[in-house]
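Below are the chains, spelled out letter by letter.
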Amino acid sequence: MKTKFKLSCLFLAALMLFSLTACGKDNPEPSSTSEGTEQTKPPVEAGSGTTIHTNLWDLTYDEADGWVYEEDDFHDDETSSKIILTLPKEGEDGSIVDAEIRVSVEDPYTFRDYLTSYGFDEYEYAVDQAYDLTPVGGIDCLKAEGNYWGSPCLRYMNRVEGAGATVFMEIIGEYEDERVDKLLSGLTIHLEDTGNEDGPWYWEGEPFSAQPRSVMVGTHTLSSQWLPITDCIITKETFNHAAAVTGDQAYLLVDGELKRFDYDGASLNFAEDIVLDAEYEDISADTTGTLWLANFMEPLISWKDGAQTASYEGPDHVTMHPSGTWGVSWFSGPECEKITLSGGALKTEPMVFQEVDILSHLLIDDSHIYVCGSAVDGSGHKVFVYDSNGALQMTLADSDGGGLGSITFITQTANGYLALDGNMREVVLWSKDGTYLGEADDGDLFGTDYPWFCGGVKLADGSILAIMTEDRADESAMELVAFKLSGF
């Protein structure tokens, strides 16, 4: 029904364009329609400006100010009205200002993401009402100044709960130009209070929990044990979290920041935030208890006993061997570097994984380098298992020898290999010779709904600490949750 509706809108808009052009009008006003009923409002009289009418707002502006927009930059239906107007640079490519106005009847979660993305605290906004508001279009809005890919940016936003609507405006470029204020002064937002009540905020919602579960995969019985994290970790970042364990201490990289937890085999109890000079995505732990942290465009650093012990410039993403004496620096292509640490110096040598086209993850255990990525022959995402010198040992694929989803963790077990497939939400097993044994679905094994497997770490007893992000059942938040896996 939505597709038919959009096609109908485009057809009616085309007819209006033809009619208005025949009458000599250079910039026709867009129209809005609803199913079964055409809702067209006349523009303002010539000389007083041009008015765009939509289901959720009206905008009157002066074409003489130079504002233009493309047909693809205007959208209007019963639940969403959006436009992007531009002030072009005269005689040049590019624009002085791009101004987006968007009002959408939708769930509150996009707006709550806006809050944290643009520097506001959810609790201070909702409970303490700690922020000043600026009226725009008849709605009191939060105001945030920042940048967008290097350009200055001004944003106005708020949530109109009774109407179930999110108001968002983004002005990119020279937003102090007087024509911007003039444009926004011509905006009138009209929303109907339907008595909507938004779902709970994260502090009001029900934290994630799960019961122990077991699933048969081939002849193996995989078992999961949920590990409560105190206090629970709320995150807006679905993918980039990582874990390392040394003894009874677990370290989690959450949104680029390092947190230490006491691990007793049954839970993760918060111990401290470790302040770093940069945000990191990669973490490895060696047998000496040293942590290795890396990220693209950041130095590789080592951390032990509460202090940074070394820093090395140059590597990209890095995974270290458990010995802590060497590792692999990688980015997205097959051309990587083996790095060796000796006498406080870092030495590099090329290491090319010729079977891989695009690399997504690289992991190292005692005996293997696991390269997870798309095969150069186009056969899909696979795990290529190399020895420490970069010689291919085997390739791990799905039951038909084809591609997997997106492997975010893999390790050797007593009976073969185990991997976490983020895209497929499955735990996959292979035998020692690489024969596919089967998989366990996340819902069956963990009791989760639609998680993302961020990664894992092999523990001293051979079990696996797996971490993943999962939306709460009441949708009040996304949590980083942990499980202990055994039985393989």
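Here's a quick rundown of the structure.

What counts as what
Residues numbered from 1 in each chain as written. Predicted model: local features only at pLDDT ≥ 70, side-chain atom pairs only at ≥ 80, totals over all residues. Heavy atoms only, no water. Buried < 20%, exposed > 50% of the residue type's maximum accessible area, 1.4 Å probe, protein only. Helix = DSSP H or I, 4+ residues; strand = E, 2+ residues; numbered from the N terminus. Pairing = 2+ DSSP bridges. Axes fitted to C-alpha atoms, helices over the stretch in contact; angles between N-to-C directions.

A separate point is the pairing of strand 33 (residues 407-412). Taken residue by residue, a regular strand's side chains alternate between the two faces of the sheet. Of all six residues making up strand 33, five are buried, and the element is well covered by its neighbours. Strand direction decides the pairing type here: strand 33 and strand 34 (residues 416-421), joined by five bridges, are antiparallel. Its bridge partner being in strand 34, Q412 is matched across the sheet by Y417. Here strand 33 hands over to strand 34 after three residues, the two strands then running antiparallel side by side.

Within strand 23 (residues 298-304), five of the seven residues are buried, which leaves the element mostly enclosed by the surrounding structure. Pairing of strand 22 (residues 291-295) with strand 23 involves four bridges; the strand directions are antiparallel. Opposite W292, over in strand 23, you have S302 as the bridge partner. Linkage of strand 22 to strand 23, two consecutive antiparallel strands, is achieved through a turn of two residues, within which M297 is found at a positive phi near 70°. In this structure, strand 23 lies alongside strand 24 (residues 307-312), joined through five bridges in antiparallel fashion. If you follow I301 over to strand 24, its bridge partner there is S311. Where strand 23 folds back on strand 24, the antiparallel hairpin that results is connected by two residues, among which D305 adopts a positive phi of roughly 55°.

Read from one edge to the other, the open sheet built from three strands follows the order 3-4-12, with strand pairing classed as antiparallel. Here the strands that pair on one side only, and so sit at the sheet edges, are strand 3 (50-53) and strand 12 (187-189). Each adjacent strand pair in this sheet contributes to an overall mean axis angle of 10°, direction not counted. Note that strand 4 (residues 57-61) and strand 12 share three bridges and pair antiparallel. Bridge pairing in strand 12 links W57 to I189.

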